[in-house]
Amino acid sequence: MTTYDDRASLTDLTSTVERVRSSVEEVIEGKPEVVRLSLTVLLAEGHLLIEDVPGVGKTMLAKALARSIDCSVRRIQFTPDLLPSDITGVSIFDQQRKDFEFKPGAIFAQIVIGDEINRASPKTQSALLESMEERQVTIDGKTYELPSPFMVVATQNPVEMEGTYPLPEAQRDRFMARVSVGYPSPEAELQMLDVHGGVSPLEDLQPVAHAHEILKLIEAVRGVHVAETVRRYAVDLVGATRTHPDLRLGASPRATLHLLRAAKASAALSGREYALPDDVQALAVAVLAHRLLPTAQAQLNRRTAEQVVQEIIQRTPVPSAPQPQPQSGFGMGRGAPAYPQQPPRRLG
């Protein structure tokens, strides 16, 4: 059981995260919001799906995040002929011992990079389901625990591109957030030519944080206070996706939990010991949109899931009343202040 003395303080968190952020931004220029979301998912104990067209730095972002932390890293290149046992591992009969010996697969690492995950068959993709949700792997009736911290950073090309398989709903739902890197600005692209024109900056990237530090930060984020009205606001946003006429599949209860965890991590990254409705709003599109399925009519009208989530944000009332003090605070054993009485701004 972790006590408050074992947890990282707010100053420790911001200092460590700043080092990791600066390290990743040495490789990924001009995308601070993408880097921040990646760190938010890491501290919220989630998994990140990076979706975009080829060549914009999806794999570079995943590698930069992995190399900035001193922990075990494995990379899986997803291809149509990849087998589930290549991911989870397999039991092999040892002739000398006259017994089966388990050979761990690539999933047995603290940060797993799944490159072009939607190029593998749905059968192979499903090998990640148990590990991403339960942080364990079951082979031949025996369960093996995965190391901690554990995070899957997967990249995928848009589904319309040749040779890709759409991720099943159960697979998408296990990713806490989806982010698109996007094309860089002209200034950032010019800087990229200078930095990446010779040796790749990934080769010189050194770890700036240890795995045990990340574990303490994760434990600290768990202690971020979330008021009852903020929790209710998250439930209202997710619930609205289940009744929206443009959606044939709304967000799951797991999505509500992921949204709340991400909001707590975002609050901690902002230097606060308590979450605001602003934190929920800012993350709603990234956390919810990839889980939603628009109706056929909405697709004909070119309505995207992102647009639907933005509409739900605009229509859902935002709580503004001050909240009582929590009994225990963020990693320091003291209460968090109630959030300001002024209503937070609407995003979008």
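The structure we're discussing is the one just above.
Here goes a summary of the coordinates provided. (Residues numbered from 1 in each chain as written. Predicted model: local features only at pLDDT ≥ 70, side-chain atom pairs only at ≥ 80, totals over all residues. Heavy atoms only, no water.)

**Focus on the pairing of strand E5 (residues 99-104)**
Bridge count for strand E4 (residues 89-94) against E5 is 6 bridges, and the pairing is antiparallel. If you follow serine 91 over to E5, its bridge partner there is phenylalanine 102. Taken together, E4 and the strand that follows it, E5, pair antiparallel across an intervening segment of 4 residues, in which lysine 98 is found at a positive phi of about 55°. (Pairing = 2+ DSSP bridges. Helix = DSSP H or I, 4+ residues; strand = E, 2+ residues; numbered from the N terminus.)

**Digging into the environment of lysine 58**
The residue lysine 58 is located in helix H3 (residues 58-67) in this model. With 57 residues separating them in the primary sequence, lysine 58 and aspartate 115 have C-alpha atoms 8.6 Å apart. Among all residues touching lysine 58, those that are not within four sequence positions of it are Ile50, Glu51, Asp52, Val53, Thr155, Gln156, Asn157 and Val181. (Contact = heavy atoms within 4.5 Å.)

**Side note on the nonpolar core**
Of all hydrophobic cores here, the largest spans 73 residues; its most connected members are Leu13, Val24, Leu43, Leu48, Val153, Val280 and Leu288. Examining the composition of this core, we find that 8 residues originate from one element, helix H11 (residues 253-269), more than from any other. With near-sequence residues (within four places) excluded, valine 153 lies in contact with Leu48, Ile50, Ala62, Leu65, Ile111, Val112, Ile113 and Gly114. (Core = buried A, V, L, I, M, F, W, Y, C linked by side-chain atoms within 4.5 Å. Buried < 20%, exposed > 50% of the residue type's maximum accessible area, 1.4 Å probe, protein only.)

**Considerations on the pairing of strand E8 (residues 142-145)**
As defined by bridge partners, strand E7 (residues 136-139) adjoins E8 across 4 bridges and the pair is classed as antiparallel. Of the residues in E8, the one forming a bridge with isoleucine 139 is lysine 142.

**Some details on the packing of aromatic side chains**
All chains considered together, the criterion is met by 3 aromatic pairs. Between phenylalanine 93 and phenylalanine 100, the ring centres sit 5.2 Å apart and the planes meet at 70°, which makes this aromatic pair edge-to-face. Each ring, one from phenylalanine 102 and one from phenylalanine 108, has its centre 5.7 Å from the other, and the planes form 70°; the classification is edge-to-face. Taken together, Phe102, Phe108 and Tyr144 form an aromatic cluster joined through their ring pairs. (Phe/Tyr/Trp six-rings, centres within 6.5 Å; stacked < 30°, edge-to-face > 60°.)

**A closer look at the pattern of salt bridges**
Scanning the entire structure with this criterion turns up 18 salt bridges. The salt bridge partner of glutamate 116 is arginine 119, with a shortest N-O separation of 3.2 Å. Glutamate 116 gets classed as partly exposed once you look at its relative accessible area, which sits at 22%. Residues participating in the shared-partner salt-bridge network are Glu133, Asp173, Arg254 and Arg291. (Salt bridge = Lys/Arg side-chain N within 4 Å of Asp/Glu carboxyl O.)

Interpretation note: all reported values are geometric properties and have no functional meaning in isolation.
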